[in-house]
Amino acid sequence: MEHLHLHLGCARCLGLARGPFDLTGSKEHYPPDAPFLPAHISLDVRVDLEAKTLEGVSALALSAVRPGLRELTLDAREMEVRSVEGAASFTHEGGKIHVTLPEPTRAAGQRVELWIRYRVVNPRLGLYFVGPDAGYPDKPRQAWTQSQDDDAPYWFPCLDAPRLKATSEVRCTVKKGLRALSNGALIAQQDNGDTVTWHHRLDVPHSPYLMTLVVGEFAELKEQHGALPVRYFVTPGREDEARRSFGNTPRMIAFFERILGVPYPYPEYTQVAVADFVFGGMENTGCTTQTDRTLHDERAHLDFTSDELVAHELAHQWFGDLVTCRTWSEAWLNEGFATYFASLWYEEDKGKEEFLYDLWLHARSYFDEDGRRYRRPIVTRRYQEPIDLFDRHLYEKGARVLHMLRVELGDTLFFGGLKRYLQRHAKGPVTTDDLCRALEEESGRSLERFFDDWVRGAGHPEITVDYSYDADAGLALITIKQEQRADEGAREPRRWHLSVPVRIHCGDQVITQTLKVERDSERFPVAVPKRPTRVVVDPDDGILKTVKLRLPEELLIAQLKEDPSCMARIRAAFALQDLPTIKSQDALFHALCNDGFWGVQADCATALGEMKGPRALQLLLDALPRVKHPKARRAVVRALGNWRNDDAAAALAGLLEQGDPSYFAEADAATALGRTRAANAVPTLKRVLDSRQSWLDVVRAGCVTGLGETREMAAYDVVRAWAAHGKPINVRMAAFAAMARLGENRAEAGEIVVELERYAGESDFRVLYALLGAAQTLNEPVALGWVDRLMRQGPDGRIKRRAEEVARTLRAGKRPPEGIDRFREELDKLKEENRGLRERVQALEARLEKKPEPAAGPKPS
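Residues numbered from 1 in each chain as written. Predicted model: local features only at pLDDT ≥ 70, side-chain atom pairs only at ≥ 80, totals over all residues. Heavy atoms only, no water.

In this section: the overall build of the protein. Secondary structure summary: the protein contains 27 helices and 30 strands in total. Here the protein has a C-alpha radius of gyration of 29 Å; the compact-globule value for 861 residues is 29 Å, and the two agree. In terms of overall dimensions, the protein has C-alpha extents of about 125 × 65 × 55 Å along its principal axes. Within the protein, the fraction of its 861 residues that count as buried is 59%. In the protein, of all internal contacts separated by at least 6 residues, the share reaching a separation of at least 24 is 70%. Accessible surface for the protein amounts to roughly 34700 Å². Of this, 48% is attributable to carbon and sulfur atoms. Between the centroid of the 118 positive side chains of the protein and the centroid of its 128 negative side chains there is a distance of 2 Å. (Helix = DSSP H or I, 4+ residues; strand = E, 2+ residues; numbered from the N terminus. Rg over C-alpha atoms; globule rule 2.2 N^0.38 Å. Buried < 20%, exposed > 50% of the residue type's maximum accessible area, 1.4 Å probe, protein only. Contact = heavy atoms within 4.5 Å. Areas by Shrake-Rupley, 256 points an atom, 1.4 Å probe, with all protein chains shown as cover. Lys, Arg positive; Asp, Glu negative; His and termini not counted. Charge placed at Lys NZ, Arg CZ, Asp CG, Glu CD.)

A few words on the packing of aromatic side chains. The geometry of two aromatic rings is summed up by the distance between their centres and the angle between their planes. Summed over the entire model, instances satisfying the criterion amount to 37 aromatic pairs. On the basis of an interplanar angle of 65 degrees and a centroid distance of 4.9 Å, the ring pair of Tyr209 and Trp328 is categorised as edge-to-face. With Tyr209 in the loop between β14 (195–206) and β15 (213–216) and Trp328 in the loop between β21 (324–325) and α5 (332–350), this residue pair connects regions lying 119 residues apart in the sequence. Each member of the pair, Tyr209 as well as Trp328, carries the same accessibility label: buried. Here Phe319 and Phe341 contribute two aromatic rings whose centre-to-centre distance is 5.1 Å and whose plane-to-plane angle is 45 degrees, an arrangement assigned as tilted. Here Phe341 lies in helix α5 and Phe319 lies in the loop between α4 (307–316) and β21, a separation of 22 residues in the sequence. Each member of the pair, Phe319 as well as Phe341, carries the same accessibility label: buried. The ring of Tyr395 has Arg392 sitting right over it, with the charged end atom 5.5 Å from the ring centre. If you follow Arg798 out to its NZ or CZ, it ends over the ring of Phe765, 3.9 Å from the centre. (Phe/Tyr/Trp six-rings, centres within 6.5 Å; stacked < 30°, edge-to-face > 60°. Lys NZ or Arg CZ within 6 Å of the ring centre and 35° of its normal.)

A negative phi holds for most residues other than glycine; trans holds for most peptide bonds. A cis amide bond links Gln148 with the next residue in sequence, Asp149, at an omega value of 10 degrees. At Glu78, a residue that is not glycine, the phi angle is positive and equals roughly 50 degrees. When you line up the elements, Glu78 lands in the loop between β4 (71–75) and β5 (80–85). At Asp541, a position not held by glycine, the phi torsion is positive, near 60 degrees. Locating Asp541 in the fold gives a position in the loop between β29 (534–537) and β30 (546–550). The exposure class assigned to Asp541 is buried, which follows from its relative accessible area of 4%.

With that settled, consider helix α24 (residues 765–778). Residue pairs three or four apart in sequence face the same way in an α-helix, which turns once every 3.6 residues. Given a rise of 1.5 Å per residue, 14 residues ought to cover 20 Å, and the 20 Å separating the end C-alpha atoms of α24 matches this to within 8%. Note on α24: the residue one or two positions beyond its end, Asn779, has a positive phi of about 55 degrees. (Expected span 1.5 Å × (residues − 1).)

It is at 8 Å that the axes of helix α14 (residues 598–611) and helix α15 (residues 614–623) come closest, and there the two elements cross at 150 degrees. At the point where α14 passes α15, the crossing takes the left-handed sense. Two secondary-structure elements touch here, α14 through Ala605, Leu608, Gly609 and Met611 and α15 through Ala616, Leu619 and Leu620. Here the contact of α14 with α15 is composed, by residue class, of 6 nonpolar, 1 polar and no charged. (Axes fitted to C-alpha atoms, helices over the stretch in contact; angles between N-to-C directions. Left-handed = near helix turned anticlockwise from the far one by under 90°. Nonpolar A, V, L, I, M, F, W, Y, C, P; charged D, E, K, R; others polar.)

With 233 residues, the main nonpolar core has Trp332, Phe341 and Trp786 as its most contacted residues. Counting 47 residues, the second largest nonpolar core, distinct from the first, contains Leu69, Ala76, Leu159 and Ala180. (Core = buried A, V, L, I, M, F, W, Y, C linked by side-chain atoms within 4.5 Å.)

Moving on, we come to the environment of Gly95. Relative to the elements of secondary structure, Gly95 occurs in the loop between β6 (89–93) and β7 (96–100). By relative accessible area, Gly95 is classed as buried at 18%. With 589 residues separating them along the chain, Gly95 and Thr684 place their C-alpha atoms 55 Å apart.

Our next topic: the sheet that holds strand β9 (residues 126–130). An order of β9-β10-β15-β12 is seen for the 4 strands of this open sheet, with the pairing classed as antiparallel. Sheet topology places β9 and β12 (179–182) at the edges, where each strand pairs with a single neighbour. If you compare each strand with its neighbour and ignore which way they point, the axes differ by 15 degrees on average. (Pairing = 2+ DSSP bridges.)

Under the defined criterion, the tally for this structure stands at 78 salt bridges. With a closest N to O distance of 3.8 Å, Arg789 and Glu757 form a salt bridge. Taken as a pair, Arg789 in helix α25 (residues 784–793) and Glu757 in helix α23 (residues 749–757) lie far apart in primary sequence, 32 residues in all. Residue Arg789 is classed as partly exposed on the basis of its relative accessible area, which comes to 32%. What emerges from the salt-bridge pattern is a single network uniting Glu369, Arg373, Asp388, Arg801 and Glu805. (Salt bridge = Lys/Arg side-chain N within 4 Å of Asp/Glu carboxyl O.)

Summarising the sheet, strand β26 (residues 498–506) and strand β27 (residues 509–517) pair through 9 bridges and their orientation is antiparallel. Across the sheet, the residue bridging to Val500 is Leu515, located in β27.

Looking at the protein, the pLDDT average stands at 94 and 93% of residues meet or exceed 70. The low-confidence segment residues 5–15 (pLDDT under 50) makes 28 contacts with residues lying over four places distant or belonging to another chain. The low-confidence segment residues 854–861, where pLDDT is below 50, has 0 contacts with residues more than four positions distant or belonging to other chains. (pLDDT = per-residue confidence, 0-100.)

Whether parallel or antiparallel, the strands of a sheet pair through hydrogen bonds between backbone atoms. A sheet is described by the order of its strands in space; here 7 strands give the open sequence β5-β8-β3-β2-β11-β14-β13, paired in mixed fashion. At either end of the open sheet lies a strand with only one pairing partner, and these are β5 and β13 (185–191). Taking each pair of neighbouring strands and ignoring which way they run, the sheet shows an average axis angle of 15 degrees. By the bridge criterion, 6 bridges tie β13 to β14 in an arrangement that is antiparallel. Bridging across to β14, Gln189 finds its partner in Trp198.

Residues Leu213 and Val215 line one face of β15 and the alternating positions Val214 and Gly216 line the opposite face, and both faces are buried. When strand β10 (residues 142–146) meets β15, the two strands line up antiparallel, connected through 2 bridges. Bridge assignment links Trp144 to a residue of β15, and that residue is Val214. Of the pairings in the sheet, the one linking β12 to β15 comprises 4 bridges and is antiparallel in character. Within β15, the position partnered with Leu181 by the bridge is Val214.

This part covers the environment of Cys703. By the element assignment, Cys703 lies in helix α20 (residues 698–710). Taking the relative accessible area as the measure of exposure, Cys703 reaches 0% and is therefore buried. C-alpha of Cys703 to C-alpha of Gly336: the two residues are 367 residues apart in sequence and 35 Å apart in space. If we skip the residues at most four places from it in the chain, Cys703 touches Ala670, Leu685, Val688 and Leu689.

Time to look at helix α13 (residues 582–594). The terminal C-alpha atoms of α13 lie 18 Å apart, and with 13 residues this matches the ideal 18 Å at 1.5 Å per residue to within 8%. Those residues of α13 not exposed but buried are Ile582, Ser584, Gln585, Ala587, Leu588, Phe589, Ala591, Leu592 and Cys593.

Next up, the structure:
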C-alpha cells in the first residue's frame, strides 16, 4: 500500500507540534486466537452499482487445529447476515458471527465448511461505490475494495488477520458492459443475458486483506513478461496514459526476479486504475488497485513518473503478499521493502545518482515526521488502530534500514539473504526475527544489535564532524560527536554503534578508512602524506543520520565541485549554506548551473535561497534561465519565494505568465510569487487561476496556495470559491489551506473556522484531511466541536488520528501574541538588510585583497 502522491502524512504539511505517538485508547496488540485456520475462501456475489449493494454467499473451508472444537467466530461488520449453512446455530453481533457447529471436531486438520449468505449496502469501509453527482458529473461509476488494514469484513465474512492465509475464488455477477476483476486468473466468463458473471481463482494462499474486487467499465491493455500475462485496466479513453504510466511493468518484473532469484509467484499481474481511491495503490495479490490520479499526460511526464508507485506495489507481490507480516506491528516487512525496491528500480532504470537521491528524499521525509510529529520504534505493538503505523517511520525509515543492511553486507550477501528469506517463508507469515535469521545465516554475521538499534529502537544518530590538520605529525584529525538528546522518559541519550566510511584526498592520492564510532565523542587520527584537499565523511550517505559538517570552506568548495558522489556534493552544499561568503555563494552558483545531476542543482538552489542576502538573490535570478532540468528549475523558483523583493516577484510572475514546459514549475512559481507578497502577486495569480488548465489542476492549486501566502484578505473570496464541492480536489485542498493561511493570527480566524465547518460532513477523506490541517493552522478552539466529531466518527483511522492530534493542539491553547506576523516581517527585513551589509563588506575586503602593491620607489640613501 502506498500513500497518495499528496504526501498527506507529512508533518510539515500538517503543521503539527511534536507529541507522543500514543493516542487515546492506544494499547498493546497481539494476534487473536486461531482454533480454525482458513483453507479456501469462495465468494459468489452480485454487485449493483446504482443501488450500491453487494449480496451473495461467502463459502469458507476451514481446518481445525485440534479435536474437540465446536465454537468459532468470524469477522463480519455492518452487514446483514441472512443465514449460515453448515452451522447448528449462529448469532451476529458486535461485528462478529459466533457459530456453533453441529458436533465437536474429531481430529486436528478436520475440514469444516460454512456458507454465509449476506448483504451489504454502501458500507463505510472495505467496499467503496463511486460515481457521478451534481458536482462531478463526469466521474465514472465504479465499485472497488480496499481491505487493508482490517476492513475485509466490511465486504465479506472471513477470519481476518494477516497471518491467516487461504486460496480464493470470486464469482461476481454484474450488469452487461461492466467488468469485474479479482485475484488470480479469469477461469470463466458467463453471459446471463442482461448480466455477466466473471469467475477468478487464485491457488496461492494469501491474506484476507489482499483479496480484491473491482467493478466498472474498463478498457484492457495487454502485455507479456515471457509467458506471464501483464494487463492494465483503465477508464476507456485513457489508454495512452495507461501505457505511459504502467509501461515499465514488464521490465520491473524481470529486474525484481533477477535480483531476488525468486520468480513472480502468481499466474498473471494486473493493474486497474480507479477513481477516488483512498491510497496511492494497493497490492492486492496479483491484481493491484492504483489511483487514477497517477495516469498522466506527456507534459506532466517531463518531471512526473508513475514508476515509484508501480514498482512499490509490484515489489509487494513478493514482500507483503508472498511473505506477509505476521501482525501489523511488523508491517515494515511489507512497506519498508516495497519502498526500498521502488528505489532499487530507479537505480536500475536511471542510475546510481537517482537512486541515492531517492534515498535522500526518504531520509528527509522520515526526519520531518520524527522531528515535528512524533518518534517511535519501527516495530511496536502499541497503537490505537493499525493504520496509525503506516507512516514515514514504516515506509521511508524502513527503506533506509534495508539500505544500511545492504551497505553493511554487500550485494551478494544481502540479496542472497533475501532469497533465503523468501524461499523459506513463501506463502506464510514473517517477523523481523525471520529476516534477521536469514541474513545472519547467509552472511555469518551477528545482526541482533543492528535490529535492536534500528528497528526495535527509536530515533537516529545526530552527529557533528570536525576536522583539523596537524602538519608536524602528518595527521588528518577527524572528530565525530554524537549529539542526540535523550528521548522523553530516558535517562540518557542512546549511543549508536556506527561504521563510518571516510575518504581523504591528498592531491591524486586517496586514503579510505572506516571509523568505528561508539561513544559521545571520538577523535580519529589518519596518517596523510600532505595537507588534504578533500575530507569526505560517509560519501554515499549510507548511514541514516543528521550531520553537521564543520570543515574548512575550501574543503567544502572542493567537495561540491569535484567529488564523484552526488550525496557528497549535496552535503557540501548544505554545509556551505551556513558559510554565506562570496566564495561559498559562487561555488553554489557554479554547481547550480553546471552540475551534471539535477538533484545537486536543486539543493544548491535551496542553499542559496536559505542565505537570503541580495547577492544570493541575484545569483538565483541569473541562474533561472540557465537551469534546464525542470526539477532543478522548480527548486530555483521555490527559493526565489524567500525574498520580499520586486525583482524576485517580477521573475516569478514572468515565468508564470509566459508559461513553462513543466506544469510543476508553473505551480511552484505561483506559490513562490504569493510568498513574495509583492503588489502584483494577487492580480497575477487571479488571472492565471481563471485561465490555466493543467494535469490534476496542479497550476491552479499552486495559484490558490500562492493567494493564501500573500496574506491579503482581499484574496479571500476568490480562494473560498475554489473550496466548493465540484471544484477539482487538488484545488479544493489548496483552498482550505489558503483560507486558513489568510486568517492565521487574525480577527477573522473564528469566522473562517465556521466557514470550514460547512464541509466537515463530506465523506471524501482528502477533504477532511485538508480541513483538519486548516483547523490546525487557525488554532481556534471554536473548531473543537467538529474536530472532536471527526475524531469519533471519521471515515477511517487516518482521519481519526489526524483529528485527535489537531484537537490536542487546540486544547493546549498556545496562541502566538498579537502582531506576531508583523514582527516576523520586520525581523526578516532586518536580517536581509544585515546580510546585504555583510555582503558589501565581504566584497570590499575581496577588492582590497586583490589590490596590487604600489611600485617600489628608489631606496633611501
